[in-house]
Amino acid sequence: SGSYSSVYNKPVVGKAGRVPVGIGRRRKRVVVTGGAGFVGSHLVDKLIGRGDEVIVIDNFFTGRKDNLVHLFSNPMFELIRHDVVEPILLEVDQIYHLACPASPVHYKYNPVKTIKTNVMGTLNMLGLAKRVGARFLLTSTSEVYGDPLQHPQKETYWGNVNPIGERSCYDEGKRTAETLAMDYHRGAGVEVRIARIFNTYGPRMCLDDGRVVSNFVAQAIRKQPMTVYGDGQQTRSFQYVSDLVDGLVALMEGEHIGPFNLGNPGEFTMLELSEVVKETIDPTATIEFKPNTADDPHMRKPDISKAKDLLNWEPKISLRDGLPLMVGDFRKRILNEDEGKGA
Ligand code: NAD
Ligand code: UDP
Ligand code: UDP
């Protein structure tokens, strides 16, 4: 028929060796490492929702099958228990590389494993990207700026990082991962994308991962005092997870390598955060002060003009609008936990 060109009828085999689906757009096959975790599982939902075929690689260090169980019967979804420190062979179009413990409690638990995950894990995923011609996105972190001497932080800032401290396994690990990505790009022509993610919160965060938003929310629900570390004057900027996921996809699909800051510029002291949690969950909630951890950054706030200009992205959900969206999920899981204990 003359209604569409014969080009579309030809089974054009893509780089990943598969035949296109439908007319025009070939279904993408996407790997999400760390896809059983907090951010990863929300990203997988978005990719599946738009019709991609998704393979999750996860060793379940901090991730949970529960985060993905709603996809188990979906033929477009596949879950592989695998540690990214070991090589793996797959045929894919895109790799979102998230595998890495993200909360300080988890990444300090086995610091050498954290470095291996960041260095060897990233190397393996870049080797895979090189072999099959896939595009590779690294989820780096605002921690590459360390305890920043520039405020807010722009992508051009090189950071103030302690190389031998308790956080180094994570922040130096991610800095090395960024270096590897750029070297595979320059040396082997791999298409890479780098996101520097600022503190993110939402449903499916680990209940006891020690991060401040999950701690305060769980504490307020359990009627325990919220633990404020140090004097509570240190600042962070908190981004709702759906904003981050939109940013990651915009970055992957766009033409710019980055690095790009992905975060919400709204800046709060920990005492201000405790007030918002109090207003949202329980007006009678109390706080208690605890000693702060080593090398804790005093302030953090992204300059997101680069992502606004080049990715046409900016966060839409404020802290006051986002917090209530995670409370239902936290209440349900805390209730289940209590029932599990026979309480
Ligand atoms: P998370 O701990 O919920 O998820 C990490 C996932 O990676 C888990 O499912 C875990 O089991 C898996 N994993 C860890 N080591 C692995 C290994 N060696 N092999 C295979 N899987 C492994 O954390 P998250 O908050 O979802 O973070 C996801 C990514 O985003 C991380 O790379 C993190 O560094 C980055 N990031 C997150 C934030 C944030 O605020 N959430 C901020 C900056 C950067
Ligand atoms: N790798 C992998 N899957 C692949 C291709 C490579 O896990 O499909 C791993 C490989 O085992 C190696 C790393 O990625 O440890 C880097 O691969 P590359 O080919 O860049 O380097 P080389 O193998 O030459 O050292
Ligand atoms: N924090 C806090 N109470 C808690 C957990 C953390 O006051 O129960 C503080 C912590 O000292 C830091 C900030 O909250 O200043 C953010 O900590 P988090 O571990 O969430 O993330 P990161 O330090 O990686 O930004």
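Calculation rules
- Residues numbered from 1 in each chain as written.
- Chains lettered and ligands numbered in written order.
- Predicted model: local features only at pLDDT ≥ 70, side-chain atom pairs only at ≥ 80, totals over all residues.
- Helix = DSSP H or I, 4+ residues; strand = E, 2+ residues; numbered from the N terminus.
- Contact = placed C-beta atoms within 7 Å.
- Near = placed C-beta within 6 Å.
- Nonpolar A, V, L, I, M, F, W, Y, C, P; charged D, E, K, R; others polar.
- UniProt positions renumbered as here; feature names shortened; annotations may be inferred.
- Pairing = 2+ DSSP bridges.
- Axes fitted to C-alpha atoms, helices over the stretch in contact; angles between N-to-C directions.
- Core = buried A, V, L, I, M, F, W, Y, C linked by C-beta atoms within 7 Å.
- Buried ≥ 20, exposed ≤ 12 C-beta atoms within 10 Å, placed from the backbone.

1. Quick notes on the environment of T33
Then, number 1: Structurally, T33 can be placed in strand β1 (residues 29-33).
Then, number 2: With 33 residues separating them in the primary sequence, T33 and D66 have C-alpha atoms 16 Å apart.
Then, number 3: For T33, the contacting residues outside a window of four places in its chain are I57, V84, H97, L98, A99 and M125.

2. Quick look at the site of ligand 3
Then, number 1: Surveying the vicinity of ligand 3 reveals 15 residues, the closest of which are R211, V212, N215, T227 and Y229.
Then, number 2: Elements with a contribution of two residues or more to the shell around ligand 3: α5 (212-221) and β8 (226-229).
Then, number 3: Looking at the shell around ligand 3, the element that brings in the most residues is β8, giving three residues.
Then, number 4: For the shell around ligand 3, the per-class residue count stands at five nonpolar, seven polar and three charged.

3. Here's the deal with the UniProt feature "domain: NAD(P)-binding" (unreviewed entry) in the protein chain
Then, number 1: In the numbering adopted here, UniProt assigns the feature "domain: NAD(P)-binding" (unreviewed entry) to residues 32-324.
Then, number 2: Overall, residues 32-324 shows 37% helix and 17% strand. The separation of its end C-alpha atoms is 27 Å.

4. Some details on the site of ligand 1
Then, number 1: Close contacts around ligand 1 come from 29 residues, with G34, G37, T62, G63 and A102 the closest.
Then, number 2: Residue assignment for the shell around ligand 1 shows that the elements contributing at least two residues are α1 (38-49), β2 (53-58), α3 (111-132) and β5 (135-141).
Then, number 3: Across the shell around ligand 1, the residue classes tally to 14 nonpolar, 13 polar and two charged.

5. Some points on the sheet that holds β5
Where strands meet in a sheet, backbone hydrogen bonds hold them as pairs that are either parallel or antiparallel.
Then, number 1: Read from one edge to the other, the open sheet built from seven strands follows the order β3-β2-β1-β4-β5-β6-β11, with strand pairing classed as parallel. The open sheet has two edge strands, β3 (77-81) and β11 (260-262), and neither has a second partner. The mean inter-strand angle of the sheet, taken between neighbouring strand axes irrespective of direction, is 20 degrees.
Then, number 2: Note: β1 against strand β4 (residues 94-97), four bridges, orientation parallel. What sits directly across from V31, in β4, is I95.

6. Digging into the nonpolar core
Then, number 1: Core analysis: the biggest nonpolar cluster contains 73 residues, and I95, Y96 and F136 have the highest contact counts within it.
Then, number 2: Those residues within four positions of Y96 in sequence are excluded, and the remaining contacts are V30, V31, V32, L43, L137, L248 and M252.

7. Section: the environment of A36
Then, number 1: Relative to the elements of secondary structure, A36 occurs in the loop between β1 and α1.
Then, number 2: A count of 27 C-beta atoms within 10 Å places A36 in the buried class.
Then, number 3: Spatially, the C-alpha atom of A36 lies 20 Å from that of L325, the residues being 289 residues apart in sequence.
Then, number 4: Every residue in contact with A36, bar those within four places of it in the chain, is listed here: S41, V56, D58, F60, G63, R64, K65, N67 and L68.

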